[in-house]
Amino acid sequence: MRAVVRQAVRDVRTAPPPAPVEPPADPTVAAARAIVDDLVAVNHEIGELMLEVAPAYLSDTDATDVLALLCEQIGEPLEHGLAARRYAMSGDRRALHGTVL
């Protein structure tokens, strides 16, 4: 049952947006955009891990107690873990601003 619910939540949750169709003309901008896209994709995966430990129905305050140990074990600051969790729930990159990006 747990696996079915997890898959249903994954199906409903918004995946990271695809990269823009037209790459920028400036190679430096294109390289920077690729780095940011990779960072965002990794944080989406970290956010999904955080959601497995602290489900979406928990507030950030309640999730803090649960995620503190996990973040310590994987070497991720708690604020980054919470931001990745919010990003995995919303699919909105703005959740990562100020912490990861």
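Our structure's up above, just so we're on the same page.
Computed from a predicted structure; not experimentally measured.

## Here we look at the overall build of the protein chain
Phase 1: Looking only at helices and strands, the protein chain has four helices and zero strands in total.
Phase 2: Reading the helices (α) and strands (β) of the protein chain from amino to carboxyl end gives α-α-α-α.
Phase 3: Within the protein chain, buried positions represent 27% of all 101 residues.
Phase 4: The contacts of the protein chain with a sequence gap of at least 6 include a subset with a gap of at least 24, amounting to 58%.
Phase 5: Surface summary for the protein chain: the accessible area is close to 6,500 Å², and the carbon and sulfur share equals 61%.

## Quick look at the packing of helix 3 (residues 60-74) against helix 4 (residues 78-90)
Phase 1: Contact geometry for helix 3 and helix 4: axes closest at 9 Å, N-to-C directions at 120°. By the angle between their directions, the pair helix 3 and helix 4 is classed as oblique. The way helix 3 lies across helix 4 gives a crossing that is right-handed. Contact residues: helix 3 offers Asp60, Ala63, Thr64, Leu67, Ala68 and Cys71, while helix 4 offers Leu78, Gly81, Leu82, Arg85 and Arg86.
Phase 2: In the contact of helix 3 with helix 4, the residues fall into six nonpolar, two polar and three charged.

## Looking at the pattern of salt bridges
Phase 1: Counting across every chain of the model gives four salt bridges.
Phase 2: Asp60 serves as the salt-bridge partner of Arg85, at 3.2 Å between the closest nitrogen and oxygen. Taken together, the residues span a long stretch of sequence, with Arg85 in helix 4 and Asp60 in helix 3 at a distance of 25 residues.
Phase 3: The exposure class assigned to Arg85 is buried, which follows from its relative accessible area of 0%.
Phase 4: Judged by relative accessible area, Asp60 falls into the partly exposed class, the value being 27%.

## Quick notes on the nonpolar core
Phase 1: Ranked by size, the top nonpolar core spans nine residues in total: Ile46, Met50, Ala54, Ala63, Leu67, Leu70, Cys71, Leu82 and Ala84.
Phase 2: Looking at this core, the elements that each hand over two or more residues are helix 2 (27-53), helix 3 and helix 4.
Phase 3: Top contributing element to this core by residue count: helix 3, with four residues.
Phase 4: Non-local contacts of Leu67, meaning those with residues more than four positions away in its chain, are made with Met50, Val53, Ala54, Leu78, Leu82 and Arg85.
Phase 5: Residues Val40, Tyr87, Ala95 and Leu96 belong to the second largest nonpolar core, which totals six residues.

## Points about helix 4
For an α-helix, the turn length of 3.6 residues means that residues three or four places apart are oriented alike.
Phase 1: The first and last C-alpha atoms of helix 4 sit 18 Å apart over 13 residues, in line with the 18 Å expected at 1.5 Å per residue.
Phase 2: Elements in contact with the buried residues of helix 4: helix 2 and helix 3.
Phase 3: Positioned one or two residues after helix 4, Gly91 has a phi angle of 75°, which is positive.

Reading the values: rules and limits
- Residues numbered from 1 in each chain as written.
- Predicted model: local features only at pLDDT ≥ 70, side-chain atom pairs only at ≥ 80, totals over all residues.
- Heavy atoms only, no water.
- Helix = DSSP H or I, 4+ residues; strand = E, 2+ residues; numbered from the N terminus.
- Buried < 20%, exposed > 50% of the residue type's maximum accessible area, 1.4 Å probe, protein only.
- Contact = heavy atoms within 4.5 Å.
- Areas by Shrake-Rupley, 256 points an atom, 1.4 Å probe, with all protein chains shown as cover.
- Axes fitted to C-alpha atoms, helices over the stretch in contact; angles between N-to-C directions.
- Parallel < 35°, antiparallel > 145°, perpendicular 65-115°, else oblique.
- Left-handed = near helix turned anticlockwise from the far one by under 90°.
- Nonpolar A, V, L, I, M, F, W, Y, C, P; charged D, E, K, R; others polar.
- Salt bridge = Lys/Arg side-chain N within 4 Å of Asp/Glu carboxyl O.
- Core = buried A, V, L, I, M, F, W, Y, C linked by side-chain atoms within 4.5 Å.
- Expected span 1.5 Å × (residues − 1).

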